[in-house]
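# Per-entry structural report
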Amino acid sequence: MTPALAPEWALLILAGFSVFWIVLGYRLGRQNRTLEDYMLAGRGVGLALATATAMATWVTSNTTMTAPQLTYQLGVWGMVGYSLGAVGLLLFAPMARRIKALLPHGYTSGDFVRRRYGVVAWRVFLLISLFYAVGWLVSLGMAGGILVEALSGLPYIVGMTVILVACVTYTLMGGLRAVIATDFVQTLIILVGVVLIAVLVIRTLGFETIHQDLVQDHPMLLNLLFPAAIMFLFNNLLFGVGEIFHSNVWWSRAFAFRQNVGSKAYLLAGLFWIPIPIVAGFIALAAPSLGLVIPSADMVGPMVAGEVLGAFGAVLVFVVIFAALASSLDSLLAATADLITQDLYRGHINRLATDAQALRVGRWIIVALGGVTWLLCLPRITTLAALLHFTGAFVASAIWPIVFGLYYRWATGTAAALAMISGSLVGLWAYYQIGFYVAALVSCGVSLVVLVLASLPAQKRFDFTTLQSPEGGPT
Amino acid sequence: MDLKGPELVPLSASLLLAQAFGGGRTCYLGACSRRGTSPFLQPGGRTIDCQAHGRLCAIVFLIFLVCPVALRGQVSLHAGAQGTTEGFVVLDWSVSAPFDPDERLVLEQSSSPNFNSATAHALGSGRIAGQVTVTGLPDGVYYFRAGSPVAWSDPVAVEIRHHPLNQAFFFFFTGLVLFLLLVGFLVHGSRAAHSHAMRSGGQQ
């Protein structure tokens, strides 16, 4: 198959956007003076930027590439189920206000878990959180390589490497301030681009042709009683909730946004996000009508757009997905580096580290994370959806410890640790025994039962006011 | 042996060898005949009587080995185990190099082992290996083969058996209950925190 985009064009776009993001990151980074500026953009982000960064971060390669993949594999329920990922953002809206009020001096989600539940639960949480962060980083790096390969025929390693290097560079230079500002630009590109692609696909092929071809050759994609897809619906919802509730990507934004901005920003971002996976997923249904042979299901989105829309469409898809990738990759790099700096370096290695030392170490950690991600992306071990949902077993186990930890005094540290461990293990079992579409759901259910049962015997009630001071809580 | 049409062509080396040295009556040279690479062509026909030409057939076999077009017959196809409960199958195909880069390969899919009313998916040309993901298949046994009308791989049978619907609904309703519990706990917790903050004059 001839690539939709000439390799020279692909390289030109990659280089052009990379330089643009890096220059933007450099200019914004010059405003950073303190650790708080670098890690939390000075804790003063307003509503427009807050909404844009929340939305852009959640529109990832997973939205623009995995939503079509899941639609291609699980049909109509695949894209509807994927859009339920917005529920995580919507439910996090009230939590953002609670987080900001409970921990006015907090930096990371790990800070909360350590002070609310103690060291054992904190370490279990860190393992889960870091595993998820690396899994997501790898899926983003892989998506970059797959995107470039699918559209231009350039080797997978080229796209993967360029996108990683660009994102590491501008995140390194600008910190969270650069991440949020670039997210704003990227959100505009994503919104306009995705809508344009869907309109062009529908105008080119028409609903009727697509429907007829699906009925004839791929009937299960339209079947509302598709068993795996039915199981996938709430699994994906809970997976999204687990991702958002536990991840420092969202907590660091809750700390960074101005007072009373977080809840509105997450609510708006969730509402704007809902239609995007539907639109992105829909184009996968056009693949049979085009007679496309899809090598790997995660390539279906770019391939359909490239085929239908020709060179212009390929450029459009390339730019949109590149923006989506960058907007998530930078956020994740920054938030994960913060988590490692605060919770591993300052929490375990050098408890007396000054802000200046932490800032220096944080920058090295961003570079190291980029390097580790690059190495793990090289073998391209699985498809994007399979990799992403593998982490579902872990993150969904953290939903109840976070919710009960934020609002209820009776949840204990031991119970939280047990809930996360047992939820993750049983979720993994379900992943292998049944399928990726139940891992998060099983993990979440087991975690709830264990957390409630293990907390019942405890008499002690947690005092939330201990979280207000810069340091304190259980150790 | 009674091969006709496309089935005539995918000669295996062993068959030709056996016929060449074992005194078999007929060699099938359709693979070469289309390109005119065989000096033993019978205009208008596709077979040559080799009974008295055993050595000649051995030479034909050697030509067959070095003739790129003859390697059309060496297309292989394998199905991965994943996806059979989700209605999809991932197929890996490859052609033993070297082969004619202009050869247009297709993947045929049918619900019958003899490929009646098969659906064809174009695999393109110029590649020696690749992967195909076919999705949206209902329960049943599906047969796949890759190659071209003159040289097919061995057929691959894949059985699609979706998860039982009662299992699907069990997980669906479990997920629904968990979701409702989550919303309930969040709403209750938020209200309790708000009223507590109002009582104590805090920010919540």
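A quick note: this is a predicted structure, and the numbers were derived from the prediction, not measured.

About the thresholds
Residues numbered from 1 in each chain as written. Chains lettered and ligands numbered in written order. Predicted model: local features only at pLDDT ≥ 70, side-chain atom pairs only at ≥ 80, totals over all residues. Heavy atoms only, no water. Core = buried A, V, L, I, M, F, W, Y, C linked by side-chain atoms within 4.5 Å. Buried < 20%, exposed > 50% of the residue type's maximum accessible area, 1.4 Å probe, protein only. Contact = heavy atoms within 4.5 Å. Patch = residues over 30% accessible without salt bridge, like charges linked within 9 Å, V, L, I, M, F, W, Y side chains within 5 Å. Areas by Shrake-Rupley, 256 points an atom, 1.4 Å probe, with all protein chains shown as cover. Salt bridge = Lys/Arg side-chain N within 4 Å of Asp/Glu carboxyl O. Helix = DSSP H or I, 4+ residues; strand = E, 2+ residues; numbered from the N terminus. Polar contact = N/O pair within 3.5 Å; in protein donor to acceptor, adjacent residues only side chain to side chain. Axes fitted to C-alpha atoms, helices over the stretch in contact; angles between N-to-C directions. Parallel < 35°, antiparallel > 145°, perpendicular 65-115°, else oblique. Nonpolar A, V, L, I, M, F, W, Y, C, P; charged D, E, K, R; others polar. Buried area = accessible area lost by both parts, 1.4 Å probe. Phe/Tyr/Trp six-rings, centres within 6.5 Å; stacked < 30°, edge-to-face > 60°. Lys NZ or Arg CZ within 6 Å of the ring centre and 35° of its normal.

## Some details on the nonpolar core
The nonpolar side chains of a soluble globular protein tend to be buried with one another. The biggest cluster of nonpolar side chains holds 184 residues, and the ones touching the most others in it are Phe92(A) and Phe245(A). Residues within four places of Phe245(A) in sequence aside, it is in contact with Gly88(A), Leu91(A), Phe92(A), Met95(A), Trp251(A), Ile399(A), Ile402(A), Val403(A), Leu182(B) and Leu186(B).

## Overview of a nonpolar patch on the surface
Together, Leu225(A), Leu165(B), Phe169(B) and Phe173(B) give the surface a local cluster of nonpolar side chains, amounting to about 340 Å² of exposed area. Relative to the elements of secondary structure, Phe173(B) occurs in helix 4 (residues 165-200).

## Things to note about the side chain of Ser447(A)
All names here are of chain A. With respect to the helices and strands, the residue Ser447 is situated in helix 21 (residues 439-455). Within polar-contact distance, the side chain of Ser447 engages the backbone oxygen of Ser397 at 2.9 Å. Dropping the residues within four chain positions of it, Ser447 is found in contact with Ser397, Trp400, Pro401, Ala419 and Gly423.

## Some words on the packing of helix 13 (residues 262-273) of chain A against helix 14 (residues 275-282) of chain A
Residues and elements named next belong to chain A. For the pair helix 13 and helix 14, interaxial distance at closest approach is 5 Å and the crossing angle is 25 degrees. Here helix 13 lies roughly parallel to helix 14, going by the angle between them. Only Pro275, Ile276 and Pro277 of helix 14 make contact with helix 13, whose side of the interface consists of Leu271, Phe272 and Trp273. By residue class, the composition of the contact of helix 13 with helix 14 is six nonpolar, no polar and no charged.

## Some points on the pattern of salt bridges
Residues and elements named next belong to chain A. Taken as a whole and assessed by the stated rule, the structure comprises four salt bridges over all chains. For Arg346, the salt bridge is made with Asp355, and the minimal N-O distance between the two is 2.6 Å. By relative accessible area, Arg346 is classed as buried at 16%.

## Re the side chain of Thr373(A)
Residue and element names in this part refer to chain A. Within the secondary structure, Thr373 sits in helix 16 (residues 355-377). Under the relative-accessibility criterion, Thr373 is labelled buried at 2%. Excluding anything up to four places from it in sequence, Thr373 contacts Leu137, Val138 and Leu164.

## Regarding the interface of chain B and chain A
At the interface, 40 residues of chain B touch 46 residues of chain A. Each partner contributes to the roughly 3,800 Å² buried at the junction of chain B and chain A, and carbon and sulfur atoms together form 73% of this total. The interface formed by chain B and chain A holds zero salt bridges in total. Joining chain B to chain A, the criterion identifies 12 residue pairs in polar contact (both at pLDDT 80 or more). Mapped onto the side of chain B that touches chain A, the elements with two or more residues apiece are strand 6 (119-124), strand 7 (129-134) and helix 4 of chain B. No other element matches the 20 residues that helix 4 of chain B contributes to the side of chain B that touches chain A. Class assignment for the residues of the side of chain B that touches chain A results in 22 nonpolar, 17 polar and one charged.

## A look at the packing of aromatic side chains
Residue and element names in this part refer to chain A. In this structure the tally under the stated criterion is 33 aromatic pairs over all chains. What links up through ring pairs into an aromatic cluster is the set Trp58, Tyr82, Phe92, Tyr132, Trp136, Phe245, Trp250, Phe257, Tyr266 and Trp273. Stacked on the ring of Phe464, the Lys or Arg Arg98 has its end atom at 4.9 Å from the ring centre. Note that Arg116 overlies the ring of Phe462, its terminal NZ or CZ placed 4.4 Å from the centroid.

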